[in-house]
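The chain contents come next:
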Amino acid sequence: MRLLALIDKELRTFLREPALVFVVAYSLLWAPYQAASQFTFELNRYPVAVYDLDQSAQSRAFVDRLRPPYLNVRRVITREREIDTVLERDEASAVIVIPENFSRRLAAGGAASVQVISDGTYTPTSQIAGAYVAGIAQQFLLARQQPASRRGTGLVDARVRIRYNEALISEWYRGLEELFSTIMIIAMLLPAALMVREKEQGTVEQLLVSPIRPWEIMAAKILPMALLTVLGTLGSLGILARAFDMPVRGSLALFIVATMLVVIATGGLGLLIATAARTLPTALIMAFVLHIPISFLSGTITPIEAMPPAQYYLTLLSPYRYYLEIGYGVVLKGAPLSVLWPDLAGLTVLGAAMFAVGAWRFLRQFG
Amino acid sequence: MTDPRPIIEVRGLFKRYRRAPAVDGVSLTIASGEIFGLLGPDGAGKSTVLQIAAGVLLPDRGQVLIDGIDVRRDPEAVKRRIGYMPQGLGLSLYDDLTVDEHLRFFAELRGIPEQQFREHRRTLLDIMRLGPAAGRLARHLSGGMRQKLGLASALIHLPDVLLLDEPTTGVDPLSRRDFWQIIDRLSRTRGITVLLTTPYLDEAERCHRVALMHRGRILAAGSPDELKAAATTVAESDRVRIEDVFVALMSRGAGPADASARVLPTPAPSPAAVPGPSLLAGTPPEPAIRVEALTKRFGALTAVNEVSFEVSSGEIFGFLGPNGAGKTTTIKMLAGLLRPTSGRGWVVGYDVSGQVDAIKHTVGYMSQRFSLYGDLTVRENLLFAARIYGLGRHQTLERERTTVDAVGLGEWRHVLARDLPLGIRQRLALAAAIVHEPRVLFLDEPTAGVDPLARSQFWELIGALSHGQGVTVLVSTHYMDEAEHCDRLLFMHDGHIVSIGRADELRRRAVAARGTVLEVASARFREAAAALEPIFPDLMLVGRRVHVFSRHPAGDQRRIEAALGAAVPGSIREIRMSMDDVFATLIERHVDVVPAGAASLAAGTGA
Amino acid sequence: MGSLRRVRAVMHKELAVLLRDRFYLLMAIGFPLVTMLLMGYGMNYDVRNVPLGIADLDGTADSRALTAAFTASGYFRLVTVTRRPRTLDDEMAAGRIRAAIEIPSGMARALAAGRVAAVLVAVDGSFPLRADIARGYAEAIVARFNQDRLATAVLRVPTEAAVPSLTVESRIWFNPTLDSNNFIVPGLLVINLLMWPPVLTSLTVTREKESGAILNVQTAPIAGWEYMLGKLIPYAGISFLSYWLLLACAVGLFHVRMLGSLVALSLGALLFVTATGAIGLVISVLVRTQVAALLATVVVVMVPGMEYSGFAEPISTLDASGRLMSHFFPAADFMFLARGVFLKGFGLAASADSLMRLAAYAAAAVLAATLAFRKRRKR
């Protein structure tokens, strides 16, 4: 009864506080959609410049193949000096150089070559042009070659299939990444903000002087806000699914359970903030700063397998690591519980520990 | 001397915020050298007038002229001539700057040459007695010192006109007395004009002229005596307080908006300090509250130091003292919010250290700041309060209804708490504290900033609860005049009990310690003060009157007459010592008695 | 003269507050450093050691050779070997492997018969950029495997004319070792100077509004621009100090070499923190509360600043509208300058354009702040 009264009050006061409603609506509902749609990184039209020294029919045929959905020739270069300026000024991310002897060598059955000069400043994308051109070169060669020239040599044909996101629609990834990382901030921020606000307004005294138990205050901060966060998450998932045709392949129930678990666990961190911060701005900044290491230990930004060993082992201690596996697993991969149960177990154990720490501090301060 | 030339002229000022008009047609004329008080409760529009005069807020209509300059047209020229001290007891100071750094900052903002700055600094530190604290960070200053630093900062360029927004709110009586002496000295020696606002109506007496403001309008303006004379048909202006004048004017001009405040269910007992009936009748042997050597330390600071007292059942027990005296800490310990460091206490027989749960069910608590949910309506707040005390559904609804009726909140029931006028909010806070029918009620500064009418209604409610229903009430306040509403009083200062007793007993003690007060009224009050100062070094100029303490009134009266001679005609009479003076006197005596507290007190007042 | 004193008065006050308030100091110096360290160590865009699962249904020398071609490349790390393709599906769904190869039984036989043998390669598409790069690797490894087979075949029959081949020489400029730090750390320098200065400045004026201390300034004969400059200089100054610390971190801790002009970079940093600090001031002047200031800073400065800064992907890979948007945020210019100075060896001449634009942003932002500040309120 008392707990219900508290929860009722939390929901009412939350809904009448425009700043908090804005934060939740903006970050849960709008930000993932915006992150997915606004930024248009053209993976399929990688910008390159071409410097064709050969100027032959063969070389032109080759250049013809440099086109979307792989590459996009933004510039044609006629002097060597321009290679420098194009790359320095970031007018294109790679320059493809076709040497003078290109057609001659090919005709002679010799070893022809093309050069790909990439801007190494952006390490993640700098290899893309090279990889694309290598693939294009093989196809160019195979198309020219008579089957006879293989002379009975058996070859392997690698049929590469991208799974879960066949068309490599980056909106799906960016939307989910933003959503998962937003859940962390919101789940941490909401209970913290509501508690700090009670401190600021002095209403916490009114609660403490009544027979309410501190754990009831705590539960009333966590439970309704967790519910709200989960609802917002589902809404956001719905928006992403609708706007970008993103499939939700697995069990929504499993996703909801996992989200609920992680939100409650993160609420423990929110309780920690609530004990440390005295004003709302401080709480906001604390949540923001805390969020940085958490996301680095989760795998939203860097996949776990790409992490250096020390960091990799640290992720084993982060509930988010398990949550993200479940998140991507359920939404994009359609993975069932039978596959994801180890992650669910890890999430439960670590989440409980994280929550316990926050609850312990909270009860010590307000108990 | 007061120069009839007007230095501040306010003409037909209007200012409207989003909903209500804040200033609704205000006109004033203030003569050079005058100390002018703008009196009224929170939200009356006082600060708005001051901010418009200071050139930081644009009026909708009307104009303010300072020294003949239109503030609207040339605010910067006006700013050179004025000093302005914002509201909030030095909230506008910078916690991380020292006293000296503040003075330097304000001096440089105003482009005062170094040489001149040094002179002003010395003068001001001297007047304010802040010299020893010059290197201290503002965050480590007491309330009184912050107030003085705020004043010094506003005065660094020694302006002709000083605008002070609630300079005395929340300041202890000693510092308040200091403050008025400083203002008086500035007015006497430099001929400075002071326009100040205050919610303490008793401070009217300190001003040459005052205007009473309510809901953006001026109810009346003039010298305190004129106002009293105008408001009362009986020419017994001595008994009449400005507060009564205000209440009379308010109820006369009350529109429908005041209807809410109209009736109260229970007739209140006379406000005079009659001991509560429970004291006289056969009272139960067990006191409602008993405290023995209760102590609370926060790190090195001892907030409450070995305090012992008893409160009888059904009594209204007043805690008086400045901010930081330890009132709130004591109340919090009794309400089960804080654990005592040492000592013991019982509330209705329950131990405050061990039986906190039982205490929580039996007491109601209204905290210093408004601490209800602004985002909930009156009804929602009360239902919430009832439910967290574990009342059942039926009982909750029932109690909400009866409490709303008892406190007179009927028509506000569905209004969000944050939209309530201050006086109504305080009533709501009281309602929330009594919704579970507690036997003991703790009220921590329940009336701060509330208008006099709402305040007197509030006290009637308290009286009804206590004397009508037998609820024990422990109430703290820094309005000394509210002492009269309490059955017994406890004066606290610096964590210690200064004195306990009925109001008249305490006044007798103070008179015994310091003598009675003689008031000298004279049209040429400044000359009178100058003439009397050699005989009575601790005399006070209170508005247009001079107050002196006298152990031998008859003899002193003759000495005064002799000193004034024929040159300065005036009348002399003995008056009742104000509660402020009672308190200040008892503190001073207490400081002599308890040397431990003396060091910090001296630091607190800069003595 | 008088102006100078007033600006200095505000500056001194701000500096004292800044240096004595531990939380502010933490935000100005501590948080940027922590962010730099965490992100510097925690962010990784290298696609190496992609966890791989293989279902070898053939079990021959040829299938083992193909497997070896993958594991020897360094791009893939063999995690699971199984005979059941279903196992790979589960492993990938659980996120334990990101790529899977299924070698059908009879591959060796098909190869021996001179036919084309299909091998199924599956790549987890949850992280599209990585999936794309992994796909490129897989294709290149198989192409290489085929080339080697052809070459051996040619060796076996030396009389035949040579088979023409086309090789792709990949050269990486500016960062030949493709060291991730060289990419991330200069970017982080920019991001930190984008985030924290406006957080600091957006709180300063609102804080005074909340406490009422703003009235001290409004009632004093000080011009709006004097107050704004007095506010901005200490915060821009401390952010510039923070820049030097971040720079020391980049060079000393992350071993990023700086090839270009230190003067150009530092000048750019100074202009950049002035611009971002001033934008924070604009926000601070326009809103009433600290919370609103923080939210506005995140929504107006941080989010778009990050998106259009060119931090993760080159501006050239944005579409036309994205490239246009990037011109409205100073972050893109400073990002270009910082990476240019660090990796491309920009001197003062090469940096001139960016510096000019940064100076224009800074001037515009400061102007906007002084114009927005009113000494007299309407309400």
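Residues numbered from 1 in each chain as written. Chains lettered and ligands numbered in written order. Predicted model: local features only at pLDDT ≥ 70, side-chain atom pairs only at ≥ 80, totals over all residues. Heavy atoms only, no water.

### Quick notes on the packing of helix α1 (residues 2-20) of chain C against helix α9 (residues 224-253) of chain C
Between two packed helices, both the angle of their axes relative to each other and the distance between the axes serve to describe the pair. Residue and element names in this part refer to chain C. Packing of α1 against α9 leaves a shortest axis separation of 8 Å and a crossing angle of 40°. Taken together, the axes of α1 and α9 are oblique relative to one another. Here α1 and α9 pass one another in a crossing that is right-handed. Side by side, α1 and α9 meet where S3, R6, V7, V10, M11, K13, E14, L15, L18 and L19 of the first sit next to W225, E226, Y227, L229, G230, K231, I233, P234, Y235 and I238 of the second. (Axes fitted to C-alpha atoms, helices over the stretch in contact; angles between N-to-C directions. Helix = DSSP H or I, 4+ residues; strand = E, 2+ residues; numbered from the N terminus. Parallel < 35°, antiparallel > 145°, perpendicular 65-115°, else oblique. Left-handed = near helix turned anticlockwise from the far one by under 90°. Contact = heavy atoms within 4.5 Å.)

### As for the sheet that holds strand β2 (residues 71-77) of chain A
Here we have five strands laid out as an open sheet, ordered β2(A)-β1(A)-β3(A)-β4(A)-β5(C), and mixed in their pairing. Strand pairing shows two members of the sheet lacking a second neighbour, β2 of chain A together with β5 (165-173) of chain C, which therefore form its edges. Strand-to-strand twist in this sheet, taken as the mean axis angle between neighbours without regard to direction, amounts to 25°. Bridge analysis of strand β1 (residues 46-52) of chain A against strand β3 (residues 94-98) of chain A gives five bridges, and the strand direction is parallel. When the sheet's bridge partners are listed, D52 of chain A is paired in β3 of chain A with I98 of chain A. Across the face of the sheet, helix α3 (residues 57-64) of chain A comes into contact with β1, β3 and β4 (111-119) of chain A together with β5 of chain C while running at roughly 175° to β1 of chain A. (Pairing = 2+ DSSP bridges.)

### As for the packing of aromatic side chains
Counted under the stated rule, the structure contains 40 aromatic pairs over all chains. When the centroid spacing of 5.4 Å and the interplanar angle of 10° are considered together, the rings of F309 of chain B and F317 of chain B count as stacked. Here F309 of chain B matches F317 of chain B in class, with each residue buried. By the ring-pair criterion, three or more aromatic residues cluster together here, those being Y173, F180, F255, Y320, Y323 and Y328 of chain A together with F127 of chain C. Here the guanidinium or amino end of R290 of chain B rests over the ring plane of W346 of chain B, the centre of that ring lying 4.4 Å away. Residue placement shows R207 of chain C over the ring face of Y24 of chain C; its charged tip is 4.3 Å from the ring centre. (Phe/Tyr/Trp six-rings, centres within 6.5 Å; stacked < 30°, edge-to-face > 60°. Buried < 20%, exposed > 50% of the residue type's maximum accessible area, 1.4 Å probe, protein only. Lys NZ or Arg CZ within 6 Å of the ring centre and 35° of its normal.)

### Observations concerning unusual backbone geometry
Positive phi, normally seen in glycine, also occurs at Q55 of chain A, with a value near 55°. Position of Q55 of chain A among the secondary structure elements: in the loop between β1 and α3.

### Some details on the pattern of salt bridges
One pass over the structure, following the stated rule, counts 75 salt bridges over all chains. Between E533 of chain B and R188 of chain B there is a salt bridge; the shortest N-O distance is 3.6 Å. Of this pair, E533 of chain B sits in the loop between α17 (525-532) and β22 (540-542) while R188 of chain B sits in helix α6 (residues 173-190), and the two are 345 residues apart along the sequence. Here E398 of chain B makes a salt bridge to R401 of chain B, at a shortest N to O gap of 3.8 Å. Of the two residues, E398 of chain B and R401 of chain B both sit in helix α13 (residues 393-407), three residues apart, roughly one turn of that helix. According to the relative accessible area criterion, R401 of chain B is partly exposed, its value standing at 45%. By sharing partners, the salt bridges in this structure join D8, R12 and R16 of chain A together with E380 and R387 of chain B into a single network. (Salt bridge = Lys/Arg side-chain N within 4 Å of Asp/Glu carboxyl O.)

### A few points about the interface of chain B and chain C
Of the residues lining the interface, 33 residues belong to chain B; the matching set on chain C comes to 28 residues. Summed over both partners, the interface of chain B with chain C buries about 3,000 Å², with 54% contributed by carbon and sulfur atoms. The three residues of chain B that bury the most area against chain C are V56, E108 and L109 of chain B, which together make up 23% of that side's buried surface. The interface formed by chain B and chain C contains two salt bridges. For E108 of chain B, the salt bridge identified is with R8 of chain C, shortest N-O distance 3.6 Å. Here chain B is connected to chain C by five residue pairs in polar contact (both at pLDDT 80 or more). When residues of the side of chain B that touches chain C are traced back to their parent elements, those giving at least two are α2 (75-81) and α3 (99-109) of chain B. (Buried area = accessible area lost by both parts, 1.4 Å probe. Polar contact = N/O pair within 3.5 Å; in protein donor to acceptor, adjacent residues only side chain to side chain.)

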